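# Coordinates in review
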Amino acid sequence: PRRVAIIGAGHVGATAAYALLLSGLASEIVVIDLDRRRAEGEALDLQHAVPFGDPVRVWAGDYDDVASAAVVVITAGVNQRPGETRLQLLSRNVAVLRDIVSRVMAVMPDAILIVTTNPVDVLTWAAIRHSGLPPPRVIGSGTILDTARFRARLGRHFHVDPRSVHGYIIGEHGDSEVPVWSLATIGGLHIDQYRDATGEELNEATRRQIVEETRDAASHIIERKGATYYAVAAGIVRILQAILRDESTVLTVSSLIDGAYGIRDVCLSLPCIVNRDGIARVLFPPLAADEEEALRRSAQVLREAQESLA
Ligand code: NAD
């Protein structure tokens, strides 16, 4: 059986469980939460969706159930408050993460972990440290969502299916993230070439607006409805699909970077090949000088947060 354990049955965990259930990728989904009744409520509700899709066993469990999970998804934690940066969440969530990782390691010492709790990059780094797992087995959801938002926004701008827009947001999942304009392409054309060929406009002001909308999307949503969960849940299922189907898909996820671009021992997002081994390879695309500089600044922000944990 393809068992996926989801730890944290809040907005993100429950929505990820629901999206996973509908995807048909897993045959067993166990949800675990400190608040056992909440996990039970979510599991019951999810169970009643099963007859409308592929058979899957869903239940509220505990850490013994993690033992044979193909992948463990950690969504537990406290949420961003309005106006709070992701890095301010750090101390509140690192304790939660360490506790969960210890319990997972006790039953599943060679787990593949997906970390989504914020600040996701620093918590991915803390999960690697605390678990002792080989770094490729710990994946942070990182900028998978920001990259999706960037591609969707560019797709809307150019009236092109976002799947045909290639481009990446790299670095921190947060304020210092870096849009890689130099590698944004549509159908093999750099977007500037595409703009010129189609007579569309893409001036500095529009670029700035696209970057701001991409970067600040979570804040805008949190201001309005208190939390974000649909898109991140879809992103979690996309990572699970790459692992469970051994796809070797390129996804911008957070992993340990040690040496590239002069960055040492920091978790941040770059395009990665993801398959059943976790992060099979991190890609280090050639960046424009200002992008590389911005990536190093992003790494520095994350390093300072990591050091605050010591
Ligand atoms: P939520 O408050 O709805 O749910 C969190 C759940 O975690 C709660 O049910 C709580 O009981 C549980 N929990 C707390 N401590 C636990 C522990 N020790 N063991 C097991 N369960 C525990 O929050 P949410 O909206 O689901 O967000 C969860 C996290 O995901 C937050 O850190 C949020 O910032 C993050 N998030 C990340 C992304 C991303 O792109 N990476 C997107 C959205 C949210």
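Below is a short write-up of the structure. Just so it is clear, the model here is predicted, and its values are computed rather than measured.

Parameters at a glance
Here the residue numbers are simple positions, counted from 1 along each chain's written sequence. Only residues with pLDDT of 70 or above have their local features reported here, since the model is predicted, and side-chain atom pairs are shown and tallied only from 80 upward, although totals for entire chains, interfaces and linings are computed over all residues. Heavy atoms throughout the structure, all of them, feed into the side-chain values; hydrogens and water do not. The convention used is that axes are lines fitted to C-alpha atoms, helices contributing only their stretch in contact, and that angles between N-to-C directions extend from 0 to 180 degrees. The secondary structure listing takes helices from DSSP runs of H or I that are at least 4 residues long and strands from runs of E that are at least 2 residues long, numbered from the N terminus. Just so you know how the angles are binned, under 35 degrees is roughly parallel, over 145 roughly antiparallel, 65 to 115 roughly perpendicular, and the rest oblique. Should the near helix be turned counterclockwise from the far one by less than a right angle, the crossing is left-handed, whereas a clockwise turn marks it as right-handed. Contacts are assigned to residue pairs that have any heavy atoms within 4.5 Å of one another. All amino acids are sorted into three groups, where Ala, Val, Leu, Ile, Met, Phe, Trp, Tyr, Cys and Pro are nonpolar, Asp, Glu, Lys and Arg are charged, and the leftover types, Gly among them, are polar. Here a residue is considered near a molecule or strand provided that any single heavy atom belonging to it is located within 4 Å of it. As used in this structure description, the phrase polar contact means that two N or O atoms lie within 3.5 Å; if the pair is within protein, one of them must be able to donate a hydrogen and the other to accept it, and residues adjacent in sequence are counted only when both atoms belong to side chains. Residue exposure ignores everything except the shown protein chains as possible cover, and the areas themselves are Shrake-Rupley values with a 1.4 Å probe. Two strands make a pair as long as DSSP finds a minimum of two bridges between them. Aromatic pairs are defined between Phe, Tyr and Trp rings, using the six-membered ring for Trp, whenever the two ring centres lie within 6.5 Å; interplanar angles under 30 degrees are classed as stacked, those over 60 as edge-to-face, and all others as tilted. For every residue, the accessible area (1.4 Å probe, protein chains only) is compared with the maximum for its type, and the residue is labelled buried under 20%, exposed over 50%, or partly exposed between those bounds.

## Re the packing of helix H4 (residues 120–131) against helix H10 (residues 289–307)
H10 packs onto H4 with a crossing angle of 50 degrees between their chain directions and a minimal axis gap of 10 Å. The pairing of H4 with H10 is recorded here as oblique in orientation. Here the hand of the crossing between H4 and H10 comes out right-handed. Facing H4, whose interface residues are Asp 121, Val 122 and Trp 125, H10 presents Leu 302, Ala 305 and Gln 306. Tallied by class, residues from the contact of H4 with H10 come to 4 nonpolar, 1 polar and 1 charged.

## What to know about the site of the ligand
Around the ligand, 25 residues are found, and the nearest of them are His 11, Val 12, Asp 33, Asn 79 and Thr 116. His 173 places a polar side-chain atom, nitrogen or oxygen, 3.3 Å from an oxygen atom of the ligand. For the ligand, whose unbound accessible area comes to 860 Å², protein coverage reaches 90%. Residue assignment for the shell around the ligand shows that the elements contributing at least two residues are helix H1 (11–23) and helix H3 (90–107). Among the elements that line the shell around the ligand, the one with the most residues is H3, at 4 residues. Classifying every residue of the shell around the ligand by side-chain character gives 9 nonpolar, 12 polar and 4 charged.

## Re the sheet that holds strand E10 (residues 185–186)
Strands sit in the order E7-E10-E11 across an open sheet of 3 strands; the sheet is antiparallel. A strand with exactly one partner marks an edge of an open sheet, and here the two such strands are strand E7 (165–166) and strand E11 (189–190). For E10 and E11, the ladder comprises 2 bridges, and the chain directions are antiparallel. Following the sheet pairing, Ile 186 is matched in E11 by Leu 189.

## A short note on the packing of aromatic side chains
Inspection of the entire model under this criterion finds 4 aromatic pairs. The interplanar angle of 75 degrees and the centroid separation of 5.3 Å between the aromatic rings of Phe 158 and Tyr 194 together place this pair among those described as edge-to-face. Note that Phe 158 is positioned in helix H5 (residues 144–158) and Tyr 194 in helix H6 (residues 191–198), a separation of 36 residues in sequence. Both residues of the pair, Phe 158 and Tyr 194, belong to the buried class.

## A look at the environment of Leu 295
Within the secondary structure, Leu 295 is located in helix H10. For Leu 295, a relative accessible area of 0% corresponds to the buried category. Once the C-alpha coordinates of Leu 295 and Val 94 are considered, the two residues, 201 residues apart in sequence, prove to be 24 Å apart. Look past the residues within four positions of Leu 295 in its chain and what remains in contact with it is Ile 170, Gly 171, Val 178, Tyr 261, Ile 263, Leu 268, Leu 270 and Leu 287.

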